Every structure is written in C-alpha cells, then in structure tokens.
Amino acid sequence: MVTKNIQEVSGYFFFSIGIIYFLLALFVYNKVYLPKSYILFNIIDIPFAFVSLLYVSTSICLYLDKSIYKNYKILIFITACLLLGIIIYINIVLPDII
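These remarks concern the structure in this document. (Residues numbered from 1 in each chain as written. Predicted model: local features only at pLDDT ≥ 70, side-chain atom pairs only at ≥ 80, totals over all residues. Heavy atoms only, no water.)

### Overview of the nonpolar core
One recurring pattern in soluble globular proteins is that nonpolar side chains are buried together. Definition in use: Residues grouped as a nonpolar core are buried Ala, Val, Leu, Ile, Met, Phe, Trp, Tyr and Cys residues, joined through side-chain atoms within 4.5 Å. Relative accessibility under 20% of the residue-type maximum defines a buried residue, over 50% an exposed one, and the middle range a partly exposed one, all with a 1.4 Å probe and only protein chains included. In this description a helix means any DSSP run of H or I spanning at least four residues, a strand means any run of E spanning at least two, and both kinds are numbered starting from the N terminus. We call two residues in contact when some of their heavy atoms are within 4.5 Å.
Residues Ile17, Leu24, Ile44, Phe48 and Val51 constitute the largest nonpolar core, which totals 5 residues. Listing elements by their share of this core, those giving two or more residues are α1 (2-29) and α3 (45-65). Sequence-distant contacts of Leu24, defined by excluding residues within four places in its chain, comprise Ser37, Leu40, Phe41 and Ile44.

Encoded structure:
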C-alpha cells in the first residue's frame, strides 16, 4: 500500500519535472533566457534522475509483489542507489563532458 502511494506521487513528480527538463533543454538549445535556463537545466537533472529512479524502482517492486520474486526488492534498492550515486558523481566531478 505504501509503495503504491510512493509510486503515484513519484509519477506526478516524474512527469512534471520531465516536462520542465524538456522545456529547459529546448530553451538552452535555442538560446532563450540563456543564463537562467542554463543554470536551471544544470540544477534540475539530479532531482529528475532521483524521481525517475524512484518511479521505476517502485513500479518494479509493485510488479514483483504479484510474483514469486519478492526477495529481489533489496537488489532493486541497491541498484537504484548505485545508479543515483553514479549520476551525482558524473554531474559533480565531470560536469563538462555531458
């Protein structure tokens, strides 16, 4: 029950932050409001990655509740944490490569 609520809320955040991220990418590409849009584009990528991983991992956990693979939830959690750590590392240490 709690996982379903987390999945619904993270779904709303995923789609709203995703739309904002897409619009900021268009603003940066077309050089519209360049200083502000570039700063926001670089700031919002980590929250978007966090919400994306949260949405995907809760969706997988909800799917696994209905099957025999209930023991894989901890593996999904560890994988999501590792992916988020890699994204944060790349964003902080190597910001100009991406």
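### Structural notes on the environment of Asn42
On the secondary structure map, Asn42 appears in helix α2 (residues 34-43). On the accessibility criterion, Asn42 (34% relative accessible area) is partly exposed. Sequence separation of Asn42 and Pro95 is 53 residues, and the distance between their C-alpha atoms is 8.9 Å.

### Describing the side chain of Ser57
Short version of the rule: Two N or O atoms count as a polar contact when they lie within 3.5 Å, although within protein this holds only if one can serve as hydrogen donor and the other as acceptor, and sequence-adjacent residues are included solely when both atoms are side-chain atoms.
Along the chain, Ser57 turns up in helix α3. Among the polar contacts made by the side chain of Ser57, one reaches the main-chain carbonyl oxygen of Leu53 at a distance of 2.8 Å. Within the structure, the side chain of Ser57 is placed 3.2 Å from the backbone oxygen of Leu54, a separation counted as a polar contact. Setting aside residues up to four positions removed in sequence, Ser57 forms contacts with Ile76 and Ala80.

### A closer look at a nonpolar patch on the surface
Here is the rule we go by: Note on patches: the residues involved have over 30% relative accessible area and no salt bridge, like charges join within 9 Å, and the nonpolar side chains Val, Leu, Ile, Met, Phe, Trp and Tyr join within 5 Å. In short, Shrake-Rupley with a 1.4 Å probe defines the accessible areas, and a residue's cover is counted only from the protein chains shown. Salt bridge, as applied in this entry: a Lys or Arg side-chain nitrogen positioned within 4 Å of an Asp or Glu carboxyl oxygen.
A contiguous nonpolar surface patch, about 680 Å² in accessible area, is contributed by Ile19, Phe22, Leu23, Leu26, Phe27, Val32 and Tyr33. Tracing the backbone through its elements, the reader meets Phe22 in helix α1. Judged by relative accessible area, Phe22 falls into the exposed class, the value being 53%.

### Considering the packing of aromatic side chains
Given two aromatic rings, one states the distance between the centres and the angle between the planes to describe the pair. The condition is simple: Classification of ring pairs rests on two measures: the distance between centres of Phe, Tyr or Trp rings, Trp counted by its six-membered ring, which must be within 6.5 Å, and the angle between planes, read as stacked under 30 degrees, edge-to-face over 60 and tilted in between.
Within this structure, the stated rule accounts for 7 aromatic pairs. An angle of 70° between the planes, with centres 5.1 Å apart, marks the rings of Phe14 and Phe15 as edge-to-face. Given a relative accessible area of 22%, Phe14 falls into the partly exposed group. Both rings, one in Phe14 and one in Tyr55, keep their centres 5.5 Å apart while their planes meet at 10°; by these two values the pair is stacked. Of this pair, Phe14 sits in helix α1 while Tyr55 sits in helix α3; the two residues are 41 residues apart in sequence, bridging distant segments of the chain. You can call Tyr55 partly exposed: its relative accessible area is 23%. Chaining the aromatic ring pairs together yields one cluster made of Phe14, Phe15, Tyr21, Phe41, Phe48 and Tyr55.

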